[in-house]
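Examination of the molecular architecture
Here's the letter readout for the chains.
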Amino acid sequence: MDTSDGSAGNDPLAASFNDLGTGSDTGQGWPMDRSLVGQFLARSPVGMAVMSPELRYIWINDALERLGGVPREERLGKRLGDVLPKLDAEAIEATMRRVLETGEPAVDIEYRGRTQADPEREHAYSTSFFRLDDTLGRVRGVCYMVIDVTDRWRAGSRLALLNEVGARTGKSLNLIHIAQALADSCVPHLADFVAVDLLDPVLLGEAPRPGPVPGTQQLRRAGLRSAGPDLREPIAETGQSVVFPPSSPGERCLLDGSSYLRPVLDDQAGGWLAAEPHRAGDNQGLGRCSLMLVRVGARGNALGVATFIRRESRGAFEQADLLLAEDLVARAAVNIDNARQFTREHNTALALQRFLLPQRVTTQSSLEVESRYLPAEASDGVGGDWFDVIRLSGARVALVVGDVVGHGIRAAASMGRLRTAVRTLADLDLPPEELLAHLDDQLLGLIGEDVAHHESPASAVLGATCLYAVYDPASRRCTMARAGHPPPALVSPDGSVAFLDLPPGPPLGLGGLPFESADFEVAEGSVLALYTNGLIEARERDVEVGMSQLGTALASPGMPLDELCASVLTHMLKGPPDDDVALLLARTHALGSDQVASWDLPSDPAVVAEARARTLRCLDAWGLGELGFTMELIVSELVTNAIRYASGPIRLRLIRQDVLICEVFDTSNTSPRLRHARTTDEGGRGLFLVAQVAKRWGTRYTAEGKIIWAEHDPSEAPMV
């Protein structure tokens, strides 16, 4: 056998082929002699070697000599780690020992490393091992065959990297998270340092200008990752403003979209890499490196620039690396643009929602109020949660909290319409259950309009929940009704917390189902807590656990309400909420006996003078005698109206709060009507005069009749 090492007679591998194909050609095959076998082994394009049982080289072919870059004479008699120290010799020899012990071949074992043939680049190899036995079954060694699969490995690695970038950047709709995911995925697989800089308008969700970006643009570092801290020192950190100097490769990349590759970048040439005017020229720490710049763009618009840097020790970037970087950035850029569009819609919905919510909840003399609202951080946008505090007649106050099903601009707009409807219905002084019934009708109308104007019913408003409560400081009672909303909590002055047993009621938008109200006595100094389900529901807990935790968090009755709000949110929320959170706390105050005066009067025109006299005496006792003329007029007209148009007993009540309130009760259900009398009419001017001197006036109905009321602001100049 003709081996390539010049010692055929001592070649154990050649000896094993002594009898192979020595017979004559019988027509059953073709003759194979030792010379042909020797050529097959020596000239095979697959690298081959035979190792002794001690794992020392016995024989190698020409292909393996070229593959490793180590001459044959320097290999024979030595172990793998002695001749190729940059390979994982320990793992490879462990595989060969296992083959020697078991006789089981090991096929297509891949490993990576550097050899003398190409010491500057890492290569990948696929190797198969099998044991060599002689005719007596004795183990003579192990043979391995190896091929260079660097191209296959790189293609697979690049495909895996592309998939990783697509998956990681597609998980979020947060621009900063996506930019950081791109940087994290590329280090260290492609580069030692990656920075992703986005245009400031893009981070705000604004649409980029189509076409080339004109002039020097302000960018902001959105993603940053480096293989070592020394690379970050001269570079702008995440969140900092960056500007590429005029005519720099970075500006040209942003301007015309062309990528930039510089295989070797020295310290002097890379001073602009910091992308900060106050750090220009300070490129210490980067040293000699390789650079790529790729524009981040989607749908033909520029979004920013991605910078890739690799140390000289890892080899320079090549054209194939630039193509890979462009593919990675293009895949991430689509997700960045999607996140930009989401950010724009999210910001619009949030601004709309904040505009439609109460800009400032005013504390009433009968209720001390504090509120908190936290928008959701969920990918589907802010929700339709809302709350409100509405001043009613008779010193009463309405508390409202609700939640529109869905998220985004449509939910926020629907929330605004429902809040407006609640305020309109509250002005009618409807009982809570009737108000919710009217609100249900309103929402059904809105749903019908949305379905009629949209192709898909899924885009329409689906429904809402609501809790409406009316607190009366004179009676110290609170009447509530809810439509599918979580029950309110009542914190007593002693610190005990109870979730009120309130009939649940159906959610708004179903139609045809009744609502029920419940009436509760509320001690002075108690705290009413109204909230949305985002406060008690979370992925890690169910509603019952959330309500229990809320009860624990509320059990601090003496704490100021603003501190109690903050404490509750800290206790209930361990991170950004998955759903909108609205919390409304109200501490009750009752009207004292010195703030309310009430008289039962007969239905007799002669009693009007007595009503005026009692009013003047009451005002003098309250120190408000200067308001006597105005209040006399209001009392006189309201009592006269009740006597003329109603029957049965009459009750007159005066309430001193931040305004003076006059209420006249009668048993009639007839609503008074404001008339504009002609100059020749002798009567019909009573309610017109009341409307002129009172701050506001109106009518509310009770089970026994109605109440006509009027409010007068003591701060206004009295009529003379």
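Residues numbered from 1 in each chain as written. Predicted model: local features only at pLDDT ≥ 70, side-chain atom pairs only at ≥ 80, totals over all residues. Heavy atoms only, no water.

**A short note on the overall build of the protein**
Across its full length, the protein holds 19 helices and 26 strands. Considering the protein as a whole, with its 720 residues, one finds that 48% of them fall into the buried category. Across the protein, every contact between residues at least 6 apart in sequence was considered, and the portion connecting residues at least 24 apart equals 64%. Entry remark: accessible area of the protein is about 33100 Å², with carbon and sulfur atoms responsible for 51%. (Helix = DSSP H or I, 4+ residues; strand = E, 2+ residues; numbered from the N terminus. Buried < 20%, exposed > 50% of the residue type's maximum accessible area, 1.4 Å probe, protein only. Contact = heavy atoms within 4.5 Å. Areas by Shrake-Rupley, 256 points an atom, 1.4 Å probe, with all protein chains shown as cover.)

**Some points on the sheet that holds strand 17 (residues 489–491)**
If you walk across this open sheet you meet the 5 strands as 12-21-20-17-18, and the pairing is antiparallel. Two strands bound the open sheet, and with one partner strand each, they are strand 12 (367–374) and strand 18 (497–499). Each strand of the sheet is rotated relative to its neighbour by a mean of 20°, with strand direction disregarded. As judged from the 5 bridges shared by strand 20 (residues 527–531) and strand 21 (residues 581–588), these two strands associate in the antiparallel manner. (Pairing = 2+ DSSP bridges. Axes fitted to C-alpha atoms, helices over the stretch in contact; angles between N-to-C directions.)

**Overview of the packing of aromatic side chains**
Applying the stated criterion to the full structure yields 2 aromatic pairs. Note on Tyr111 and Tyr125: the rings are 5.8 Å apart at their centroids and 35° apart in plane angle, and the pair reads as tilted. Taken together, the residues Tyr111 in strand 3 (residues 106–113) and Tyr125 in strand 4 (residues 123–133) connect sequence positions 14 residues apart. As far as burial versus exposure is concerned, Tyr111 and Tyr125 are alike and both buried. (Phe/Tyr/Trp six-rings, centres within 6.5 Å; stacked < 30°, edge-to-face > 60°.)

**Comments concerning the pairing of strand 10 (residues 289–298)**
Strand residues, when the strand is regular, have side chains that alternate between the two faces of the sheet. Burial analysis of strand 10 places 8 of its 10 residues in the buried class, the great majority of the element. With 4 bridges connecting them, strand 9 (residues 260–265) and strand 10 associate as antiparallel partners. Paired with Tyr260 across the bridge in strand 10 is Leu293. Sheet topology places strand 10 next to strand 11 (residues 301–311); 10 bridges connect them, and they run antiparallel. Across the sheet, residue Val294 finds its bridge partner in strand 11, namely Ala306.

**Concerning the nonpolar core**
Residues Trp386, Leu399, Leu436, Leu439, Tyr468 and Leu508 are the most contacted members of the largest nonpolar core, which totals 54 residues. Ignoring sequence-local partners within four residues, the contact set of Tyr468 consists of Leu392, Ala398, Leu399, Val400, Val422, Ala426, Pro432, Leu435, Leu436, Thr479, Met480 and Ala481. (Core = buried A, V, L, I, M, F, W, Y, C linked by side-chain atoms within 4.5 Å.)

**A short note on unusual backbone geometry**
Residues Val187 and Pro188 are joined by a peptide bond in cis, for which omega reads 5°. Tracing the backbone through its elements, the reader meets Pro188 in the loop between helix 8 (175–186) and strand 6 (193–199). The backbone phi angle of Asp108 is positive, close to 55°, even though this residue is not glycine. Assignment of secondary structure puts Asp108 in strand 3. Classification of Asp108 by relative accessible area gives partly exposed; the value is 40%. Even without glycine at this site, Arg476 takes up a positive phi of about 60°. Within the element layout of this structure, Arg476 appears in the loop between strand 15 (464–472) and strand 16 (477–483).

**Describing the confidence of the model for the protein**
Overall, the predicted model of the protein reaches an average pLDDT of 83, with 84% of residues at or above 70. Ranking the helices and strands of the protein by mean pLDDT puts strand 20 first, with 96, and helix 1 (residues 12–15) last, with 46. Between residues 1–32, whose pLDDT stays under 50, and residues either more than four places distant or in other chains, the model counts 42 contacts. Predicted confidence for residues 274–284 stays below pLDDT 50, and this span has 29 contacts to residues more than four positions away or in other chains. (pLDDT = per-residue confidence, 0-100.)

**A short note on the packing of helix 8 against helix 12 (residues 319–356)**
Following both chains from N to C, one finds helix 8 and helix 12 inclined at 165°, their axes separated by 9 Å at the closest point. Relative to helix 12, helix 8 is oriented roughly antiparallel. Relative to helix 12, helix 8 is oriented so that their crossing is right-handed. Along its contact with helix 8, which presents Leu175, Ile178, Leu182 and Cys186, the element helix 12 presents Leu328, Val329, Ala332, Asn335, Ile336, Ala339, Arg340 and Thr343. (Parallel < 35°, antiparallel > 145°, perpendicular 65-115°, else oblique. Left-handed = near helix turned anticlockwise from the far one by under 90°.)

**Focus on the packing of helix 7 (residues 150–169) against helix 12**
Relative orientation of the contacting elements helix 7 and helix 12 amounts to 20°, with a least axis distance of 9 Å. Comparing the axis directions of helix 7 and helix 12 gives the class roughly parallel. Every pair of crossing elements has a handedness; the one defined by helix 7 and helix 12 is right-handed. Side by side, helix 7 and helix 12 meet where Arg158, Leu161, Leu162, Asn163, Val165, Gly166 and Thr169 of the first sit next to Ala320, Asp321, Leu324, Asp327, Leu328, Arg331, Ala332 and Asn335 of the second.

**Observations regarding the pattern of salt bridges**
Across all of its chains, the model carries 34 salt bridges by this definition. A salt bridge links Arg131 to Asp133, with the shortest nitrogen-to-oxygen separation between them at 3.2 Å. Overall, Asp133 belongs to the partly exposed group, its relative accessible area being 38%. Here Glu711 makes a salt bridge to Arg696, at a shortest N to O gap of 3.0 Å. Taken together, the residues span a long stretch of sequence, with Glu711 in strand 26 (residues 706–712) and Arg696 in strand 25 (residues 696–701) at a distance of 15 residues. With relative accessibility at 2%, the residue Glu711 sits in the buried group. Three or more residues joined by partner-sharing salt bridges are found here, namely Glu164, Arg168, Asp184 and Arg225. (Salt bridge = Lys/Arg side-chain N within 4 Å of Asp/Glu carboxyl O.)

**A short note on the side chain of Arg221**
You can see Arg221 is positioned in strand 7 (residues 219–226). Within the structure, Arg221 has its side chain in polar contact with the side chain of Asp197 (distance 2.6 Å). (Polar contact = N/O pair within 3.5 Å; in protein donor to acceptor, adjacent residues only side chain to side chain.)

**Things to note about the environment of Glu251**
With respect to the helices and strands, Glu251 occurs in helix 11 (residues 249–256). Residues Glu251 and Gln217, spaced 34 residues apart in sequence, show a C-alpha to C-alpha distance of 8.2 Å.

**Re the sheet that holds strand 2 (residues 57–60)**
With respect to topology, 5 strands assemble into an open sheet ordered 2-1-5-4-3, the strand pairing being antiparallel. The open sheet terminates on both sides in strands that have one partner only, identified here as strand 2 and strand 3. Each strand of the sheet is rotated relative to its neighbour by a mean of 25°, with strand direction disregarded. Contacts from helix 6 (residues 89–102) reach strand 1 (47–51), strand 3, strand 4 and strand 5 (139–148), with the element oriented near 25° to strand 4. Against the sheet, helix 7 touches strand 3, strand 4 and strand 5, its axis set at about 125° to strand 4.

**Quick look at the environment of Arg221**
With a relative accessible area of 2%, Arg221 lands in the buried category. Taking C-alpha positions, Arg221 is 5.7 Å from Gln240, a pair spaced 19 residues apart along the chain.

**Considering helix 17 (residues 607–621)**
Its 15 residues place the ends of helix 17 21 Å apart at the C-alpha level, agreeing with the 21 Å of an ideal helix rising 1.5 Å per residue. Of the positions making up helix 17, those classed as buried are Val607, Val608, Ala611, Thr615, Cys618 and Leu619. One face of helix 17 carries all of its buried residues, which in axial projection span an arc of 115°. Seen from the open side of helix 17, the exposed residues pointing more than 90 degrees away from its buried face are Arg617, Asp620 and Ala621. Residues of helix 17 that are buried sit in contact with strand 22 (596–601), helix 18 (628–645), strand 23 (650–656) and strand 24 (660–666). Phi turns positive, to about 75°, at Gly623, one or two residues after helix 17. (Expected span 1.5 Å × (residues − 1). Arc of directions from axis to C-beta.)

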